[in-house]
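The lines below spell out each chain.
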Amino acid sequence: MKKNIAIIGSGFSSLSAACYLAKKGHNITVYEKNSDLGGRARQFKANGFTFDMGPSWYWMPDVFEKFFNDFNKSSKDYYQIEKLNPAYRVYFGLDDYIDIEDSIEKISDKFEKIELGSGEKLKKFLSKAKENYNIGVSDMLYKMPGLSPLELVSIKTIKKIRYFISTIRKEVHRDFKNPKLRSILEFPVLFLGAKASNTPAFYNFMNYADFGLGTFQPKNGFSDLVNAMVSLGKNLGVKYRTNHTLKSIKIKDNKVNKLIFENREFDCDILISGADYHHTESLLPTKSRQYSEKYWSKRIFAPSSLLFYVGFNKKINNVTHHNLFFDTEFDQHAKEIYDDPRWPSDPLFYANFTSKTNPGTAPKNCENGFFLIPIATDLEDTEEIREKYFELIMEKLEKFTKQTLRSSIVYKRSFCVSDFKKDYNSYGGNAYGLANTLFQTAFLRPNIKSKLVQNLYFCGQLTVPGPGVPPAIVSGELVANLIN
Ligand SMILES: Cc1cc2nc3c(=O)[nH]c(=O)nc-3n(C[C@H](O)[C@H](O)[C@H](O)COP(=O)(O)OP(=O)(O)OC[C@H]3O[C@@H](n4cnc5c(N)ncnc54)[C@H](O)[C@@H]3O)c2cc1C
């Protein structure tokens, strides 16, 4: 039967759920508090520069393709996409960097030059990671709404049990001794939001996503994907309402009865929230909330981030589209994110320059830069602190890339913990949800369907399957399937 379904938030999980449910003939309205659609993947323009505000690594292209194929479309019907080569550059110090190229063969050759025997080991490591990818992504991801532990049990997963007990750290350290190779292989764990020593080895499928499938770039960044999903949704009849902040959810007879926005009220048969889970529950009467404040305070959240969007009035040398600055020990930085939350003493950071592959994202002969330092959630982030870290990373950028840059800055904006809270109602200012540790996987994540309110569902990076754009899209499909 056709239902009136309200969806809160316009992140990828909400955009995905909207399309799947509209395809089934339901009447869908998406309500977004901000003035732009896309959630953490919003884009903004300033002084001729275009900046993606959040995600920048387009990994697992098969997940995006499957989404469009489900509507008899392809990503190519909406945007151009290119495989990057090099995929990214990792700086370890002055005159010391490694470019990760676009095939396992080339990457293995590079490994071999750095550590004797590591080329073959990498190929073996990746063939196991590929098996895990095929089981994890193709078999499990789409079949796990997290309703029961049994979803995890199959002949294929039982054979892989050792990968759920071991950790990424153990597997990588067993096979590779060189600290640079180790940190490159542990890098994808950052997307899962926890330490390598706390992430099940099964997630090494991210290494296959990285080296085996590669890093892609939609011509205009993730906004191409947002626009494509919204355009698809509009064709299916989805209505999008920006500048609509949900203020409270009224419950009657254990069902959502009314949605209260700033100046208006709406009815719905079903409510799905793609907004941060904790925030959504805070809009319910206390007795309708499934999880206490204590529950949330005990979860391991993915880090927050200190971000800078910077316009330079000249071209920057010695950088590629994606660049990691790993000149420092990540273990200490990770400790300062997860174990002893504080501003990092010597942070690693990430920089991307989309104008390297799409000159249209910066004025002529200029470059746009996006800088990210992962940090603990809930830190105090004053202007002075942000500035201190900006100076620190600019100093390193200038040193390692051998040029002066600070005098060429013509635009700068920062974004940090307090902005994540203000703009997205994010718990503790987390940047990308709840980490994927063993005890926060599948049925151990917050429920996709409320146990206390009959017609209330959740999607997005705090529920199944987890953080990242591909999982967010899958999350939308999972909640839609459950409703259908
Ligand atoms: C800096 C950064 C870098 C990242 N890099 C990558 C990357 O390279 N690759 C990758 O795959 N992933 C990356 N991620 C993670 C990825 O962007 C997210 O996991 C994904 O976009 C989350 O989608 P979502 O649907 O869960 O919700 P969100 O994008 O968080 O959207 C939730 C929406 O709900 C809205 N909302 C909140 N409260 C209300 C309310 N009361 N009323 C109405 N609306 C409300 C918010 O405004 C927001 O728009 C990154 C994230 C960040 C922040």
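Parameters and conventions
Residues numbered from 1 in each chain as written. Predicted model: local features only at pLDDT ≥ 70, side-chain atom pairs only at ≥ 80, totals over all residues. Helix = DSSP H or I, 4+ residues; strand = E, 2+ residues; numbered from the N terminus. Rg over C-alpha atoms; globule rule 2.2 N^0.38 Å. Buried ≥ 20, exposed ≤ 12 C-beta atoms within 10 Å, placed from the backbone. Contact = placed C-beta atoms within 7 Å. Pairing = 2+ DSSP bridges. Axes fitted to C-alpha atoms, helices over the stretch in contact; angles between N-to-C directions. Arc of directions from axis to C-beta. Near = placed C-beta within 6 Å. Nonpolar A, V, L, I, M, F, W, Y, C, P; charged D, E, K, R; others polar. Domains from an automatic or database assignment.

**Focus on the overall build of the protein chain**
So, step 1. Of the regular secondary structure elements, the protein chain holds 16 helices and 19 strands.
So, step 2. On C-alpha atoms alone, the protein chain measures out to a radius of gyration of 22 Å, which is about the 23 Å that the 2.2 N^0.38 rule sets for 484 residues.
So, step 3. Once the C-alpha set of the protein chain is aligned to its principal axes, its extents read approximately 65 × 55 × 45 Å.
So, step 4. Among the 484 residues that make up the protein chain, the fraction classed as buried is 50%.
So, step 5. Considering only contacts in the protein chain between residues 6 or more positions apart, those separated by 24 or more positions represent 72%.

**Details of the sheet that holds strand S6 (residues 88-93)**
Hydrogen bonds between backbone groups are what pair the strands of a sheet, and the pairing can be parallel or antiparallel.
So, step 1. Here seven strands make up an open sheet; going across it, the order is S7-S6-S15-S16-S17-S14-S18 and the pairing mixed. Each end of this open sheet is capped by a strand with a single partner; those strands are strand S7 (96-100) and strand S18 (409-415). Neighbour-to-neighbour, the strand axes of the sheet open up by a mean angle of 20 degrees, direction not taken into account.

**Details of helix H2 (residues 61-69)**
So, step 1. Looking only at H2, the buried set comprises Val63, Phe64 and Phe67. Taken down its axis, H2 places every buried residue within 100 degrees of arc, on the same side.

**Focus on the environment of Phe71**
So, step 1. Note on placement: Phe71 falls in the loop between H2 and strand S5 (81-83).
So, step 2. On the basis of neighbour count, Phe71 is assigned to the partly exposed category, with 17 C-beta atoms found within 10 Å.
So, step 3. Taking C-alpha positions, Phe71 is 8.2 Å from Lys23, a pair spaced 48 residues apart along the chain.
So, step 4. Apart from the residues within four sequence positions on either side, Phe71 is in contact with Cys19, Lys23 and Leu232.

**Description of the site of the ligand**
So, step 1. If you check the shell around the ligand, you find 38 residues, and the closest are Gly9, Gly11, Gly39, Pro55 and Gly460.
So, step 2. Of all the secondary structure elements, the ones that give two or more residues to the shell around the ligand are helix H1 (12-23), strand S14 (304-312) and helix H16 (469-483).
So, step 3. Residue composition of the shell around the ligand, grouped by class: 17 nonpolar, 18 polar and three charged.

**A word on the pairing of S7**
So, step 1. Note: S6 against S7, five bridges, orientation antiparallel. When the sheet's bridge partners are listed, Tyr88 is paired in S7 with Ile100.
So, step 2. In this antiparallel pair of consecutive strands, S6 and S7, the connection spans two residues, and Asp95 shows a positive phi of 55 degrees.

**Focus on the domain arrangement of the protein chain**
So, step 1. Here the domain parsing of the protein chain yields domain 1 (4-80 + 220-298 + 433-483), domain 2 (103-211) and domain 3 (300-423).
So, step 2. The gap between the C-alpha centroids of domain 1 and domain 2 is 28 Å.
So, step 3. Contacts between domain 1 and domain 2 engage 23 residues on the former and 22 residues on the latter.
So, step 4. Ranked by the residues each element gives to the side of domain 1 that touches domain 2, the list is headed by H16, at four residues.
So, step 5. Classifying every residue of the side of domain 1 that touches domain 2 gives 14 nonpolar, seven polar and two charged.

**Details of the pairing of strand S3 (residues 43-46)**
So, step 1. Where S3 meets strand S4 (residues 49-52), four bridges bridge the pair, whose relative direction is antiparallel. When the sheet's bridge partners are listed, Phe44 is paired in S4 with Phe51.

**Some thoughts on the environment of Asp96**
So, step 1. Within the secondary structure, Asp96 sits in strand S7.
So, step 2. The exposure class assigned to Asp96 is exposed, which follows from the 11 C-beta atoms found within 10 Å.

**Some details on the sheet that holds strand S10 (residues 246-252)**
So, step 1. With antiparallel pairing, three strands are arranged side by side in an open sheet as S10-S11-S12. Sheet topology places S10 and strand S12 (265-266) at the edges, where each strand pairs with a single neighbour.
So, step 2. Inspection of the sheet shows strand S11 (residues 255-261) paired to S12 by two bridges, in the antiparallel sense. Bridging across to S12, Ile260 finds its partner in Glu265.

**Quick look at unusual backbone geometry**
Excluding glycine, a negative phi dihedral is what most residues carry, and trans is how most peptide bonds are arranged.
So, step 1. The step from Asn85 to Pro86 runs through a cis peptide bond, and the omega angle for that step is 0 degrees.
So, step 2. Tracing the backbone through its elements, the reader meets Pro86 in the loop between S5 and S6.
So, step 3. Residues Val464 and Pro465 are joined by a peptide bond in cis, for which omega reads -5 degrees.
So, step 4. Positive phi, close to 60 degrees, is recorded for Asn365, a residue that is not glycine.

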